[in-house]
Amino acid sequence: MPSKRRVTIAVIAEEAGVSVPTVSKVINGRPEVAPETRQRVERLLHKHGYQRRVSPGDGPVGLIDLVFAEIESPWAMEIVRGAETAAREAEASVVISVLHTHAGPGRDWLERIAARRTDGVVIVASKLSTGLQGQLSARSMPFVVVDPEGEPANGVASVGATNWHGGLSATRHLLELGHRRIGMIGGPGDMLCSRARIDGYRAALETAGVPVLPELIRNGDFLVDSGHDQGHALLSLPDPPTAIFAGSDMQAFGVFEAARQRGLRVPTDLSVVGFDDLPLARSAWPPLTTVRQPLQEMADLATRMVLAMGRGDSAEARRVELATDLVVRESTAQPSTIPSPSPW
């Protein structure tokens with residue numbers, strides 16, 4: 001049986017009807033290629049599974065791109081610290097890109113990273129379209145998604161946390177303290193991690209025989225303002241919750257402020273649980289009970305996975321979920337009767 005011909009740039013060029021330098025320009029993100037030609041070459045690169053040859057003596061990877069949808073929270077800095085730790089050990093550098101959208105990276109971004117010869121990409125809390133996956137694969141660009149916004153496609157490596165279990169443990173803690181009206185403030189409704197945390201909250205209530213009430217579940221954007229606004233909304237109910245589980249520490253801090261403005265004390269009048277265990281959680285007053293999400297470890301692992309792919313390691317793309325842990329501090333206590341909220 002004849003051996004299968006190895007896919008080279010020359011093979012791609014011949015099938016695309018272009019020159020070898022043109023294929024090289026597409027792989028390296030050079031701009032001087034017609035859009036139709038670029039798309040034809042990318043389709044063939046993806047079809048044939050073209051891979052750059054990696055020699056054992058090629059040395060350390062030089063550049064990793066860390067891509068955020070947004071970077072407005074201390075949450076992002078924990079991710080940066082984890083990625084930099086892994087990159088520093090590999091004598092690599094990290095370039096940070098902020099997209100200012102959850103729609104995912106576009107073609108302009110892809111051409112920029114190809115032009116600076118990035119060795120791998122870590123994409124954080126963003127959508128990853130099928131088209132972009134194909135374009136990254138066509139350029140033999142290793143990539144891993146951290147805390148994916150949606151369900152990763154087959155063959156896409158990702159690193160997340162046990163969000164469902166975190167939501168379950170946070171709600172169980174409040175139930176064990178005696179709370180029965182527990183508010184929930186999640187993140188955006190289309191984000192996988194937010195849905196999982198709310199599902200964990202629902203599962204804890206259902207297991208305890210406590211009704212899941214739609215008016216006690218709100219969505220925000222994981223930032224302080226949404227915690228403040230949705231906290232006020234929950235505390236304005238005729239029968240307000242005695243505890244609130246916020247989908248992030250930043251939202252929990254917003255709930256703290258909403259409670260203060262309404263003359264309520266945490267945890268005497270209202271128990272609050274967050275999610276993330278940011279450094280600020282320990283220094284808040286009162287110190288915040290929260291679910292620890294191992295953000296630095298998640299970014300560290302994702303970066304190591306990209307570095308391994310860049311070295312040509314043949315490990316299969318996999319989805320990894322790191323464990324979350326409940327950290328009990330002083331923002332939760334047994335419930336007491338909440339006084340009628342004063343107007344504000």
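One can find the structure itself at the top, above this paragraph.
Small disclaimer: the values here were computed from a predicted structure and weren't measured. (Residues numbered from 1 in each chain as written. Predicted model: local features only at pLDDT ≥ 70, side-chain atom pairs only at ≥ 80, totals over all residues. Heavy atoms only, no water.)

**Concerning the side chain of Ser 169**
Inference 1: Among the secondary structure elements, Ser 169 is positioned in helix H7 (residues 163–177).
Inference 2: Its relative accessible area of 16% is what places Ser 169 among the buried residues. (Helix = DSSP H or I, 4+ residues; strand = E, 2+ residues; numbered from the N terminus. Buried < 20%, exposed > 50% of the residue type's maximum accessible area, 1.4 Å probe, protein only.)

**A short note on unusual backbone geometry**
Inference 1: In this structure, the amide linkage connecting Val 266 to the following residue, Pro 267, adopts the cis form with an omega of 5 degrees.
Inference 2: A cis amide bond, omega -5 degrees, links Trp 285 with the succeeding residue Pro 286.
Inference 3: Mapping Pro 286 onto the fold places it in the loop between helix H11 (279–283) and strand S10 (289–292).
Inference 4: Of note, Phe 222 is a non-glycine position whose phi angle comes to about 75 degrees, a positive value.
Inference 5: Along the chain, Phe 222 falls in the loop between strand S7 (217–219) and helix H9 (224–235).
Inference 6: Taking relative accessible area as the criterion, Phe 222 reaches 15% and is therefore assigned buried.
Inference 7: Despite not being glycine, Asp 276 shows a phi value in the positive range, around 135 degrees.

**Describing the packing of aromatic side chains**
Inference 1: The final tally for this structure, using the stated rule, is 1 aromatic pair.
Inference 2: Lying across the ring of Phe 275, Arg 197 places its NZ or CZ 3.8 Å from the centre. (Phe/Tyr/Trp six-rings, centres within 6.5 Å; stacked < 30°, edge-to-face > 60°. Lys NZ or Arg CZ within 6 Å of the ring centre and 35° of its normal.)

**A look at the sheet that holds strand S2 (residues 93–98)**
Inference 1: Strands sit in the order S2-S1-S3-S4-S5-S11 across an open sheet of 6 strands; the sheet is parallel. In this open sheet, the two edge strands, each paired with only one partner strand, are S2 and strand S11 (319–322). Strand-to-strand twist in this sheet, taken as the mean axis angle between neighbours without regard to direction, amounts to 20 degrees.
Inference 2: Bridge analysis of strand S1 (residues 63–68) against S2 gives 6 bridges, and the strand direction is parallel. Looking across to S2, one finds that Leu 66 is bridged to Ile 96.
Inference 3: Contacts from helix H4 (residues 74–89) reach S1, S2, strand S3 (120–124) and strand S4 (143–146), with the element oriented near 165 degrees to S1. (Pairing = 2+ DSSP bridges. Axes fitted to C-alpha atoms, helices over the stretch in contact; angles between N-to-C directions. Contact = heavy atoms within 4.5 Å.)

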